[in-house]
Amino acid sequence: MKKMKLFAPFVTLLAGAVASLIMFYFHYSTEQMLTILLLVLLVFYLAGSFIQGRVTAFVSQIKMQEEHERELMEMQAALEGEGESTNQADEDTENEAE
């Protein structure tokens, strides 16, 4: 999950770098570059944060589902174990009665 915290900043910086290079190539004025760069950074930070939140929620949902399935399997194994011990006890009781 530590890597997930860096998703939004990475997307923001990547978009800012690409936008800066493109604006430099097309000879934008400094004022235009800064205004556009600010907007690009803001938009991509918000988009990255949204995507990061959705991915984090999805991963959490998968982990909870796996944990629930594991608990069900443990309960099923415990019930099967009790059934076998109960059957063994019944057989021992029948053998003693004979």
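Source: prediction; values computed, not measured.

## Some thoughts on unusual backbone geometry
Logical step 1: Although it is not a glycine, His-27 adopts a positive phi angle of roughly 55 degrees.
Logical step 2: Here His-27 shows up in the loop between helix H1 (7–25) and helix H2 (30–97).
Logical step 3: Assessed through its relative accessible area of 71%, His-27 is described here as exposed.

## Here's the deal with H1
Logical step 1: In this model H1 runs 27 Å from its N-terminal to its C-terminal C-alpha over 19 residues, within 8% of the 27 Å that 1.5 Å per residue would give.
Logical step 2: Those residues of H1 not exposed but buried are Ala-8, Val-11, Thr-12, Ala-15, Gly-16, Ala-19 and Met-23. Projected down its long axis, H1 shows its buried positions confined to an angular sector of 130 degrees, all on one face. Among the exposed residues of H1, those pointing more than 90 degrees away from its buried face are Phe-10, Leu-13, Leu-21, Phe-24 and Tyr-25.
Logical step 3: With its phi angle positive at about 55 degrees, His-27 sits one or two positions after the end of H1.

## Overview of the pattern of salt bridges
Logical step 1: A full pass over the atoms with the stated rule returns 1 salt bridge.
Logical step 2: Among the salt bridges present, the one from Arg-70 reaches Glu-74, with a minimum N-O distance of 3.0 Å. With Arg-70 and Glu-74 both in helix H2 and 4 residues apart, the pair spans about one turn of that helix.
Logical step 3: Classification of Arg-70 as partly exposed rests on a relative accessible area of 42%.

## Let's talk about the nonpolar core
Logical step 1: By size, the foremost hydrophobic cluster in this structure holds 5 residues: Ala-15, Ala-19, Met-23, Leu-37 and Val-40.
Logical step 2: Among the elements of the structure, H1 and H2 are those that each provide at least two residues to this core.
Logical step 3: For this core, the element with the highest residue contribution is H1, accounting for 3 residues.
Logical step 4: Here Ala-15 is in contact with Val-40 and Phe-44, once residues within four sequence places are set aside.

Calculation criteria
- Residues numbered from 1 in each chain as written.
- Predicted model: local features only at pLDDT ≥ 70, side-chain atom pairs only at ≥ 80, totals over all residues.
- Heavy atoms only, no water.
- Helix = DSSP H or I, 4+ residues; strand = E, 2+ residues; numbered from the N terminus.
- Buried < 20%, exposed > 50% of the residue type's maximum accessible area, 1.4 Å probe, protein only.
- Expected span 1.5 Å × (residues − 1).
- Arc of directions from axis to C-beta.
- Salt bridge = Lys/Arg side-chain N within 4 Å of Asp/Glu carboxyl O.
- Core = buried A, V, L, I, M, F, W, Y, C linked by side-chain atoms within 4.5 Å.
- Contact = heavy atoms within 4.5 Å.

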